[in-house]
Every structure is written in structure tokens, then in C-alpha cells.
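# Descriptive analysis of the structure
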Amino acid sequence: MTHVLAIGAHAGDLDLTAGAVLAQHVLRGDRATLLHLTLGERGHPRLPVPDYARQKREEAETFAERIGAGVRFLDYEDGLLPEDEEVKLRVGDLIRELRPDVILTHWSASIHKDHARTHRIVEDARFYGGLKTLEREHPAYWAGELYYADNWEDAEGFVPDVFVELTEEAYELWSEAITGYAYARGETYGFPYVEYYRALTIVRGAPAGFERAQAFAAPKGSRDLRTKYFGKATPQ
């Protein structure tokens, strides 16, 4: 059984960019977990921050339940995500506790500072998680695979080289579940997130020879990987 851990700066980030892949793993009998470092509670132009925080948490829990994934939250503030050793160690501790085979997170460059910080946090947290000489509550654990999700806000320098073919069942499950987020339905600033990311599955799938796919970048060099599952998958 493969365990995929998706770590996002805000509730909803990795749900959009990797949610279909997470759903697909769950449908196969694998395990998937979403970790949100903040709720993204400052992302609504009309709702008070505390109200939107409660709403986003409920939306994130509902999305995870609908695709069969687990969900965890840290308590950092949207737009004020720190990049210090404390947050890196906290994420590293969760990696040790959850023991994922695969980690998905943000690309390194972004128009949103929380996304770029999350990228660096996760890379250091993965190191701390696997550092055997660092004593923490849980024993050291090295997550073997790391990939960066395809996000329109993180586009600078992003070149996908890992393409995960989506089954129709996984695509439909994710496509419906993501509409549970108000921002995804265009109720915050009007960007057509659902339509954009549904269309992106075709854009990323076609060059790889797939009907639909979600794409990722691999660290340091092209993997040129075309597959249906992460972890112990056999490349196609």
C-alpha cells in the first residue's frame, strides 16, 4: 500500500492540483493524506476572517471525506506563514508520524509567498524527518519520493516531467468533490478554478498520450515519467 501525503500552504491548494491523483490512489486501496499549513482564511473579500476560517476547515474536511483521504491542519495564519525551524520541525514530525511513501507539494517559485515558503519548508522537513541523529517523538523516517504540483500561481520555471494518467472514476470523484470549496466555485474573486483545472487535465494528458492527467515536476532533473500511480508504480 502506497501512502501519498499532499502538503499545501492553504486548504484547497493541493486539493485542486493533486486531488484527482489522491482520489485515484484511494480507489486503488492506497492511503492519501492532505496537510494544510494554513486554512487560507484571508482569501474571501466579503466574509470576516474567522468566519471564512471555519468555512474553509469544513470545506477541507468535506473534500477529504469525499475522496476518502485523511486531513491534518497546522495553525499558521494565511499570508503570515513563517519559514523557521519550528514549522520545519513540526512538518518533519508529521512526516515521521504519517510515514508517507510520496510527498506532493508546491513548486519553488510562486506569486504567493506562502506557496514558495511551503516548498522550502517541505524540503527541509523531509530532511529533518529522515535525519536519524535528530531525536524527536517519532523515529526517523525518509519519504522516498517528492514531486511538485502544477499550480497556475506557481508557474515560473515550472516544467512538468511526471504525468499521472487519470481514470474516469478518479477524475469524476475529484471533479465533483472540488466544487465543495466556495473559492473553487468562483465565489471569492471570480477565477474559474474548477473549469481551469478540469481543462488542465486534458492539456497535460494529451502530450503524454493520456485522455486526462495531472502533472508534476520532479526534483533536480527530468524523470519523464508516465504512470497511473506514484510509489511502487511501473512506468508505462
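Residues numbered from 1 in each chain as written. Predicted model: local features only at pLDDT ≥ 70, side-chain atom pairs only at ≥ 80, totals over all residues. Heavy atoms only, no water.

## Structural notes on the packing of helix 3 (residues 85-98) against helix 4 (residues 113-130)
- As a packed pair, helix 3 and helix 4 sit with axes 7 Å apart at the nearest point and diverge in direction by 55 degrees. Classified by the interaxial angle, the pair formed by helix 3 and helix 4 is oblique. Between helix 3 and helix 4 lies a crossing whose hand is right-handed. Across the interface between the two elements, Glu85, Val87, Lys88, Leu89, Val91, Gly92, Ile95 and Arg96 from helix 3 touch Arg120, Ile121, Asp124, Ala125, Arg126, Tyr128 and Gly129 from helix 4.
- Taken together, the residues of the contact of helix 3 with helix 4 break down into seven nonpolar, two polar and six charged. (Axes fitted to C-alpha atoms, helices over the stretch in contact; angles between N-to-C directions. Helix = DSSP H or I, 4+ residues; strand = E, 2+ residues; numbered from the N terminus. Parallel < 35°, antiparallel > 145°, perpendicular 65-115°, else oblique. Left-handed = near helix turned anticlockwise from the far one by under 90°. Contact = heavy atoms within 4.5 Å. Nonpolar A, V, L, I, M, F, W, Y, C, P; charged D, E, K, R; others polar.)

## What about the pattern of salt bridges?
- For the structure shown, the criterion picks out 14 salt bridges.
- For arginine 42, the salt bridge is made with glutamate 77, and the minimal N-O distance between the two is 2.9 Å. In this pair, arginine 42 is assigned in the loop between strand 2 (31-38) and helix 2 (49-67) and glutamate 77 in the loop between strand 3 (70-76) and helix 3, connecting sequence segments 35 residues apart.
- Judged by its relative accessible area of 39%, arginine 42 is partly exposed.
- Judged by relative accessible area, glutamate 77 falls into the partly exposed class, the value being 41%.
- With a closest N to O distance of 2.6 Å, glutamate 97 and arginine 72 form a salt bridge. Of this pair, glutamate 97 sits in helix 3 while arginine 72 sits in strand 3; the two residues are 25 residues apart in sequence, bridging distant segments of the chain.
- If you follow the salt bridges from partner to partner, you end up with Glu83, Arg117 and Arg120 in one network. (Salt bridge = Lys/Arg side-chain N within 4 Å of Asp/Glu carboxyl O. Buried < 20%, exposed > 50% of the residue type's maximum accessible area, 1.4 Å probe, protein only.)

## Here we look at the environment of aspartate 84
- On the secondary structure map, aspartate 84 appears in the loop between strand 3 and helix 3.
- Separated by 20 residues in sequence, aspartate 84 and leucine 104 place their C-alpha atoms 20 Å apart.
- In terms of polar contacts, aspartate 84 uses its side chain to reach the backbone amide nitrogen of valine 87, at 3.0 Å. (Polar contact = N/O pair within 3.5 Å; in protein donor to acceptor, adjacent residues only side chain to side chain.)

## Structural notes on the sheet that holds strand 6 (residues 162-165)
- Across the sheet, eight strands lie side by side as 3-2-1-4-5-7-6-8; this open sheet has mixed pairing. Across the chains shown, the open sheet's two edge strands, defined by having one partner strand only, are strand 3 and strand 8 (225-227). Averaged over all pairs of adjacent strands, the angle between strand axes in this sheet comes to 25 degrees, irrespective of strand direction.
- Pairing geometry for strand 2 and strand 3, over five bridges, is parallel. Within the sheet, the bridge partner assigned to histidine 36 lies in strand 3 and is phenylalanine 73.
- The strands that helix 2 touches are strand 2 and strand 3; relative to strand 3, the one it contacts most, it runs at about 160 degrees. (Pairing = 2+ DSSP bridges.)

So far we have only geometry, and geometry alone does not tell us how the molecule works.
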